[in-house]
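# Tertiary structure, described
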Number of protein chains: 2
Amino acid sequence: MHAREPIDLLIAPKWLIPIEPAGVTLEDHAVAIRNGVIHAVCPLAEAEQRFDARERVSLQDHVLIPGMVNLHTHAAMNLMRGIANDLPLMRWLQEAIWPAEAACVSAEFVRDGTLLAGIEMLRGGITCANEMYFHPDAAASAFAELGMRAMIGVTVIEFPTAYASDADDYLRKGLAARDHWRDHSLIQFSLAPHAPYTVSDRSFERIVQYAHELGMPVHMHLHETRDEIAESQSRHGIRPLARIQSLGLLDTDFIAVHAVHLDLNEIDILAAHNCSIAHCPTSNMKLASGAAPLASMNKRGLRVGLGTDGAASNNRLDLFQEMRHAALLAKVTSGDAAAFPAHTALRAATLDGAAALRLDETIGSIVPGKAADLTAVALNSLECSPCFDPASHLLYAAGREHVTHVWIAGQARIKDGAMLWDRNKELLPRLSMWQTFLKTSAKSQ
Amino acid sequence: MHAREPIDLLIAPKWLIPIEPAGVTLEDHAVAIRNGVIHAVCPLAEAEQRFDARERVSLQDHVLIPGMVNLHTHAAMNLMRGIANDLPLMRWLQEAIWPAEAACVSAEFVRDGTLLAGIEMLRGGITCANEMYFHPDAAASAFAELGMRAMIGVTVIEFPTAYASDADDYLRKGLAARDHWRDHSLIQFSLAPHAPYTVSDRSFERIVQYAHELGMPVHMHLHETRDEIAESQSRHGIRPLARIQSLGLLDTDFIAVHAVHLDLNEIDILAAHNCSIAHCPTSNMKLASGAAPLASMNKRGLRVGLGTDGAASNNRLDLFQEMRHAALLAKVTSGDAAAFPAHTALRAATLDGAAALRLDETIGSIVPGKAADLTAVALNSLECSPCFDPASHLLYAAGREHVTHVWIAGQARIKDGAMLWDRNKELLPRLSMWQTFLKTSAKSQ
C-alpha cells in the first residue's frame, strides 16, 4: 500500500469548469492544491485515494471556476461611484470626473478607493485586476494588502495633475513604483498611456521603447467613441489605430480597451499582431459610446477579455454582469442568438483575460501547474433553480451575490461569502470622509 | 393635547422615492399604514407626533420604493429556467420549449412553477405580476397562496394542448377561472391572446367583445421579431399591428409585449389609443429579436412598463436587471447617454406598469389612499458605497440581492431578506421531481 501524497487543500465541488479543455463541465471532480499551486484535477474518488489533505472544502451545491480577470478598471474611482450619470463620455469626464479628480486625488485617496474596489472584486469572484489610474504605488499597496493579484498600469497622460507634472514625470514615478514592487509575487506592472487623444507621439515612442526593454504589456483606451476617431482624423489625418500602429504600439503586448469602433480590417490588424481587446460592454452602453463588434472579433480570432471599467461609469465592478452584457449585446447587435455562448463568455472572463496580460502560464484555467486562483459559486438558491447547465447559469441566472469562496495562490480570501480581511472597520469611516470631501469640492466649483 | 392617531405600521426609511411627484427623493420621511392602505407620507418628526403605531420598522440605510410591477411573465416557466440557451425565438420555441410543454405542463406543474417564480419575484422586490400561461386557475392559486398581487392572463392560442383543445376552450376555461377568483382582493384577470401568428381573426373578435363586456385588459406579444412581421405581410397583406387595429384590439386596454419592431407612425398609433408597452429588454437581446425603440417611445408619450418575460428566456425574474438593461440598451441604440435616466426607469418599473394594468389608482406610487405595496432596498453594502444618489444607485449599482423588506397591502412578505412563507420545504423536492421529469422527456424525444 502506498502512502498518500500530502497536500494543503482539497476542494470538492459539485461541478468544475476548468476552461481548458474548452467547453467542458466536470462532475464529481476535485482540485488538489500544494504550495499555492494546482497539483491535480481528478475524479473525487481518485483524489480520496491519492491525497492526504491538510484542509478539505466540500462544495456540494457549487460550481468551481478559475478566478476571474478584470481586464480593465480604474479601482480608485470606486470612491466616485454614481457621482454623475446619464451623460456622454466627454461631458462626463470634463464636467464631473476631471474636476473631482483635480480636487481630491492623492495617494491616500487611491489607496482607500483601491481597497474598496478590491473588496468588491474579490467578493464577486475576481482574483486579478488590470488597473489604470494615478498613484500606482498606492494602488499596488492596496492590492497587496488584500492579497489580490493585479497588473498595475504606469499611467501616462500629457496634462499635469497633483500626482505628476508631465508625461516624463508620470513615467518616471510609475517606473519607480514598478521597481519598488518588483519582488512581490502578486503585483506586476504594465505601461498605460491613457488614450490617443491625451498622449503625444513622443511619449508613445518612449513607451514602446520601455515596453520592449522591460517586457511590459501596454494597456490603453482606444477607439472608444466616434469623436475620438474624428478628432484624430482632423489632427493627424489618420484614425487612432493607424497612428499608434505607425508608432510601433501594436508590436508590444498591446491591450486595446473598449475598441468600440473597429472596421473588419482593423480587427484583422489587431489579431495579426496578437493584440487583445478589453471589452467593457456596460461602460460602452452607459456612456452611449456604442457596441463593440464582439461577434466579428470572435469569428476573426481576435482575443477578447472583459473589463468593468471604473465604478464611476458602470457602476459595478462585476464580471458576472459584464459576461451577461457582452453576450446580450453581441446577440442583439449581430442578430445571432448563438453569438458569445456560455463557455466563450467564461473563457473571456478568465483565460483570455489572463492571456491578454501574458499571465496565462500562471492563471486563467484550472490545470495542474497553474496558481490556485479559484472562485466557487453556489447554484442552490431558488433564483438559480432548477439548474440544467451550470455554465449557462453562470452567464444568465447567477450573479456575484452567489460567490461563496475565493482563493488566490491557494490562500482563501473569501469564505462562505465573507471577506477574510479584518480591516473593513477602519476603512468605512474613511469612505464617509471621502464622500463628504467630494460633495464639498463639487459645491465649491 | 391631541390623542395620537392609531396606525398599524410606521416605516421610517433613510430615503423614500414616492414616484409621485416625479423625480423626487425624500429624506427622513415616514410612511403611515392603516388597514393595508397608505395613510400618510410625511416628515418623520411629524409622524412621531401624529401617529401611535402598533409596529414600527426603522430602515436606516435603506431606500423605500413602491413594489415593482412585472408587466410580462410566464411564471410557471421557472421550472424550465436555462433548459435551452443561445437560440433564436422560433428555434427556441419549436425545438425546446413547445416539446417540453407538451410533455410536462399540467395544473400541478403550473402551480409549482408559479410558486417558484412568485418567491423569486417577491425576494427581488416585485409585488405584482402580469402573468400569461396555461392553467390560469393554478397560477392564481399559487399567487394567492404567496399573498402576491397578480393579473392572470386568460391565454388564448389556436393549437391544442393538454390544457385545452381550441381557442374557444381556452377562453371558456380561462373565464371560468376568472369567475372563481372574482372576490379575491389581489387577483385579477386579463385576456391574453398569445400572438398575432397564433390567434385567428375570429378569436380576436371574441376577445375584443369580452374585453369590452367584462372590462378586462388585453395582454399580447406583438412585433417581437422581423419574421413575425414578414409572415403577417405574406399571409394577411399587412403588418400585425395594422391587422389587430382593424380588429379593434387597440380600442381595449391593450398591452403590447416586446414591440421591438415599431416605426414612428406605429408608436404614435399606440400612444393615441392609450395602449401600453411591456418592454422586455433581456429577453429581446438574448433571443436576438432586436432593440425596442425605447427612447422614441418615451419622447412620443407612449407608456412603457418593464417585463422579465419567462425564466426560460431571460433567465432571471429580476426587475432591477430589466431597469438596467432598458437604460443601457436605450442609451447605446439611441446614441444618447441621457436616454431613460434613473427616475424614468423607476417609474416604468412601478407606476407605468400599474397604469398599463389599469391598477394605478391602487398601486404604483407611495401616496395616501393607495395600497401599501412597498419594497425596501439596503444601500449600505460596500458594493453600493458611496451613495451620492439613491435613485441612480437603484438603476446602476444595487441589485435585487439588496432587497430586505417587501409589503403587499400592508402585509409583510419579505423581512430582513427572508421570505415569510413557510412551505419552501415542501416545494424543494417537487422542483427536483419536475427537473427529472423534464430531463427524461427531453431524452425520450
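Conventions adopted
Residues numbered from 1 in each chain as written. Chains lettered and ligands numbered in written order. Predicted model: local features only at pLDDT ≥ 70, side-chain atom pairs only at ≥ 80, totals over all residues. Heavy atoms only, no water. Least-squares fit on C-alpha atoms with pLDDT ≥ 70 in both. Contact = heavy atoms within 4.5 Å. Domains from an automatic or database assignment. Buried area = accessible area lost by both parts, 1.4 Å probe. Salt bridge = Lys/Arg side-chain N within 4 Å of Asp/Glu carboxyl O. Axes fitted to C-alpha atoms, helices over the stretch in contact; angles between N-to-C directions. Helix = DSSP H or I, 4+ residues; strand = E, 2+ residues; numbered from the N terminus. Left-handed = near helix turned anticlockwise from the far one by under 90°. Nonpolar A, V, L, I, M, F, W, Y, C, P; charged D, E, K, R; others polar. Polar contact = N/O pair within 3.5 Å; in protein donor to acceptor, adjacent residues only side chain to side chain. Parallel < 35°, antiparallel > 145°, perpendicular 65-115°, else oblique. Buried < 20%, exposed > 50% of the residue type's maximum accessible area, 1.4 Å probe, protein only.

In summary, the two copies of the chain are related to each other by a rotation about an axis coupled with a shift along it. By a simple turn and slide, chain A fits onto chain B: the slide is 0.0 Å along the axis, the RMSD is 0.0 Å, and the turn is 180°. The relationship between the two copies is best expressed as a two-fold rotation axis. Using C-alpha coordinates, one finds that chain A approaches the rotation axis most closely at Glu401(A), a distance of 3.5 Å. Of all interface residues in chain A, 100% are interface residues in chain B too; the two copies therefore contact each other through one and the same surface.

All names here are of chain A. Along its sequence, chain A is organised into domain 1 (5-66 + 373-409) and domain 2 (68-356). With centres defined by C-alpha atoms, the gap from domain 1 to domain 2 works out at 30 Å. In this assembly, 25 residues from domain 1 lie in contact with 29 residues from domain 2. Approximately 2,100 Å² of surface area, both sides summed, lies buried where domain 1 meets domain 2, with 66% of it carried by carbon and sulfur atoms. Broken down residue by residue, the surface that domain 1 buries against domain 2 is led by Leu395, Arg400 and Ile408, which jointly contribute 35%. In this structure, the connection of domain 1 to domain 2 is made through three salt bridges.

Two measures define how a pair of helices packs: the angle their axes make with one another and the distance between the axes. All names here are of chain A. Taken N-terminus to C-terminus, the directions of helix α3 (residues 107-123) and helix α4 (residues 136-146) make an angle of 35°; their axes are 8 Å apart at the nearest point. The handedness of the crossing between α3 and α4 is right-handed. In this structure, α3 uses Ala107, Val110, Arg111, Thr114, Leu115, Gly118, Ile119, Met121 and Leu122 to contact α4, whose residues at the interface are Ala138, Ala139, Ser141, Ala142, Phe143, Glu145 and Leu146. Looking at the contact of α3 with α4 residue by residue, the class counts come to 11 nonpolar, three polar and two charged.

A few words now on the interface of chain A and chain B. On the chain B side, the residues contacting the 60 residues of chain A number 60 residues. Around 4,700 Å² of area is buried between chain A and chain B when both sides are counted, 61% of it from carbon and sulfur atoms. Looking at the side of chain A facing chain B, the largest losses of area belong to Leu382(A), Glu383(A) and Phe388(A), adding up to 17% of the total buried there. Linking chain A to chain B there are six salt bridges.

Mapping His29(A) onto the fold places it in strand β3 (residues 29-34). Side-chain polar atoms of His29(A) contact the backbone oxygen of Glu27(A), separated by 2.8 Å.

All names here are of chain B. Contact pair helix α5 (residues 167-180) / helix α6 (residues 201-214): the axes reach a minimum separation of 11 Å and the direction vectors enclose 20°. Here α5 is positioned roughly parallel relative to α6, judged by the angle of their axes. α6 is crossed by α5, and the crossing has right-handed handedness. Taking contact as the criterion, the partners of Ala167, Asp168, Leu171, Leu175 and Arg178 in α5 are, on α6, Arg202, Ser203, Arg206, Tyr210 and Leu214. Each residue belonging to the contact of α5 with α6 can be placed in one class, and the counts come to five nonpolar, one polar and four charged.

An α-helical turn contains 3.6 residues, so any two residues separated by three or four positions project in the same direction. All names here are of chain A. α4 sits mainly inside the fold: eight of its 11 residues count as buried. Among the residues making up α4, those that are buried are Pro136, Ala138, Ala139, Ala140, Ala142, Phe143, Ala144 and Leu146. Looking one or two residues beyond α4, the residue adopting positive phi is glycine 147, at roughly 70°.

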